[in-house]
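Structural overview for review
This is what each chain is made of:
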Amino acid sequence: AQSVTQPDIHITVSEGASLELRCNYSYGATPYLFWYVQSPGQGLQLLLKYFSGDTLVQGIKGFEAEFKRSQSSFNLRKPSVHWSDAAEYFCAVGVFQGGSEKLVFGKGTKLTVNP
Amino acid sequence: NAGVTQTPKFRVLKTGQSMTLLCAQDMNHEYMYWYRQDPGMGLRLIHYSVGEGTTAKGEVPDGYNVSRLKKQNFLLGLESAAPSQTSVYFCASSYDDSDQETQYFGPGTRLLVL
């Protein structure tokens, strides 16, 4: 069965430090991969997505992610974290079933940013 | 262009009561989805629709029903609410552009069942 694992439930970084959030997936076919961010009390906002082509994907708010097929990973990175990046981050894989794509989400990583 | 909107934002129900959550999108998207989000569980798909008049079950469909009578609206119904349905419900919609679907989410409906 398809699954997404985010190994870190909670990460704390200092403002200005670099960030890497891990995501591993299990899916038999070529995956479509997504990162979403959820601020407290808000809905989900798409940060970036990978469908094909260049394995390094640029997103909004200075985030990027790299697809590594050999490691079944799609880690999210940011070189310098801002206090406003504190939120919960969800990795998801797009799964085709019954003629449509469905998203399977990881359980999320909560990011705390210290001043 | 409001995107995806959800009504209501918050609701308290007693066990056994019924209610309908409304999702509306103004992006002319074909596909619409209902998820529930529980602490430490991520988002789980309840039901989805690939077009007007169609619905299908997702990962956790029990206790819920849906209808897609109009392309822009996707309704989620709870016929007899249970405390286990206390959750935050998110609606999403997407278009089909050469299979590169991107889902856009609403702000959520927080439901408490007592």
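Scroll up for the structure.
Throughout this document, residue positions are counted from 1 along each chain, in the order its sequence is written. Going through the entries in the order they are written, you letter the chains from A and number the ligands from 1. With pLDDT at 70 or above as the cut-off, local features in this predicted model cover only qualifying residues; side-chain atom pairs require 80 or more to be listed or tallied, and sums for whole chains, interfaces and linings still use all residues. For side-chain calculations, the full set of non-hydrogen atoms in the structure is used, while hydrogens and water are omitted.

1. A look at the overall build of chain A
Each helix and strand in chain A was counted, giving zero helices and 12 strands. When its helices and strands are written in sequence order, chain A yields β-β-β-β-β-β-β-β-β-β-β-β. For chain A, whose C-alpha radius of gyration is 14 Å, the value lies close to the compact-globule estimate of 13 Å for 115 residues. Relative accessibility under 20% of the residue-type maximum defines a buried residue, over 50% an exposed one, and the middle range a partly exposed one, all with a 1.4 Å probe and only protein chains included. Buried positions account for 48% of the 115 residues belonging to chain A. What makes two residues a contact is simply this: any of their non-hydrogen atoms within 4.5 Å. Looking at chain A alone, contacts between residues at least 24 apart form 54% of all its contacts between residues at least 6 apart. Using a 1.4 Å probe, accessible areas were evaluated by the Shrake-Rupley method; residue-level cover was limited to the displayed protein chains. For chain A, the accessible surface area stands at approximately 5,400 Å², while carbon and sulfur atoms represent 48% of it. For chain A, the distance from the average site of its 10 positive side-chain charges to the average site of its 9 negative ones is 6 Å. Helix and strand assignments come from DSSP, with helices taken as H or I runs of at least 4 residues and strands as E runs of at least 2, each series counted from the N terminus. Using C-alpha atoms as the atom set, the radius of gyration is obtained and then compared with a globule rule of 2.2 Å times the number of residues to the power 0.38. None of His or the chain ends enter the tally, which takes Lys and Arg as positive and Asp and Glu as negative. Positions of charges follow a simple convention, taking NZ of Lys, CZ of Arg, CG of Asp or CD of Glu.

2. Some details on the pairing of strand β1 (residues 4–7) of chain B
Residue and element names in this part refer to chain B. Because side chains alternate across β1, one face comprises the buried residues Val-4 and Gln-6, and the other comprises Thr-5 and Thr-7, none of which is buried. Strand pairing requires that DSSP identify at least two bridges connecting the strands. By the bridge criterion, four bridges tie β1 to strand β3 (residues 19–25) in an arrangement that is antiparallel. Of the residues in β3, the one forming a bridge with Gln-6 is Cys-23.

3. What about the interface of chain B and chain A?
Interface size is commonly expressed as the accessible surface area that is lost when the partners come together. Tallying the contact residues gives 21 residues for chain B and 22 residues for chain A. Buried area is a sum: the accessible area each of two parts loses on coming together, probed at 1.4 Å, counted once for each and added. Carbon and sulfur atoms supply 55% of the area that chain B and chain A bury against each other, a total of about 1,700 Å² over both sides. The term polar contact refers here to a pair of N or O atoms within 3.5 Å; inside protein, the definition further demands a hydrogen-donor-capable atom paired with an acceptor-capable atom, and it admits residues adjacent in sequence only when both atoms are side-chain atoms. Where chain B touches chain A, the interface holds three residue pairs in polar contact (both at pLDDT 80 or more). Broken down by secondary-structure element, the contributors of at least two residues to the side of chain B that touches chain A are β4 (31–38) and β5 (42–49) of chain B. Under this grouping Gly is polar, as are all residues other than the nonpolar Ala, Val, Leu, Ile, Met, Phe, Trp, Tyr, Cys and Pro and the charged Asp, Glu, Lys and Arg. Within the side of chain B that touches chain A, the residues separate by chemical class into 12 nonpolar, seven polar and two charged.

4. Quick word on the pairing of strand β8 (residues 73–78) of chain B
Residue and element names in this part refer to chain B. Note: β3 against β8, six bridges, orientation antiparallel. Pairing of Thr-20 across the sheet is with Gly-77, part of β8. Where strand β7 (residues 65–67) lies against β8, three bridges are found, and the strand directions are antiparallel. In the sheet register, Val-66 faces β8, and the bridge partner there is Leu-76.

5. Considerations on the nonpolar core
Each nonpolar core is a collection of buried residues, namely Ala, Val, Leu, Ile, Met, Phe, Trp, Tyr and Cys, held together in the definition by side-chain atoms within 4.5 Å. Membership of the largest hydrophobic core comes to 28 residues, with the highest contact counts inside it found for Leu-19, Trp-35, Leu-47, Leu-48, Phe-74, Leu-76 and Tyr-89 of chain A. For this core, the secondary structure elements donating two or more residues are β2 (10–14), β3 (19–21), β5 (32–38), β6 (44–50), β8 (64–68), β9 (73–78), β10 (87–97) and β12 (109–114) of chain A. Sorting elements by how many residues they give to this core places β10 of chain A first, with five residues. Not counting residues within four places of it along the chain, the set of residues in contact with Leu-19 of chain A comprises Ile-11, Val-13, Phe-63, Leu-76, Arg-77, Lys-78, Val-81 and Leu-111 of chain A. Formed by 20 residues, the second largest nonpolar core is a distinct cluster that contains Leu-44 and Phe-90 of chain A together with Tyr-48 and Val-88 of chain B.

6. Remarks on the state of the cysteines
Residues and elements named next belong to chain A. Cysteine sulfur atoms are paired as a disulfide whenever they come within 2.5 Å of each other. Considering all chains together, one arrives at two disulfides over all chains under this definition. Disulfide partner of Cys-23: Cys-91, at an S-S distance of 1.9 Å. In this structure the cystine formed by Cys-23 and Cys-91 twists about its S-S bond by roughly -65°; its chirality is therefore left-handed. Placement of Cys-23 in the loop between β3 and β4 (24–26) and of Cys-91 in strand β10 is noted, with a sequence separation of 68 residues between them. Note on accessibility: Cys-23 and Cys-91 belong to one class, buried.

7. Comments concerning the environment of Ser-87 of chain B
All names here are of chain B. Mapped onto the elements of the fold, Ser-87 is located in strand β9 (residues 87–94). Sequence separation between Ser-87 and Arg-68 is 19 residues; the distance between their C-alpha atoms is 22 Å. Here Ser-87 is in contact with Arg-36, Gln-37, Asp-38, Thr-109, Arg-110 and Leu-111, once residues within four sequence places are set aside.

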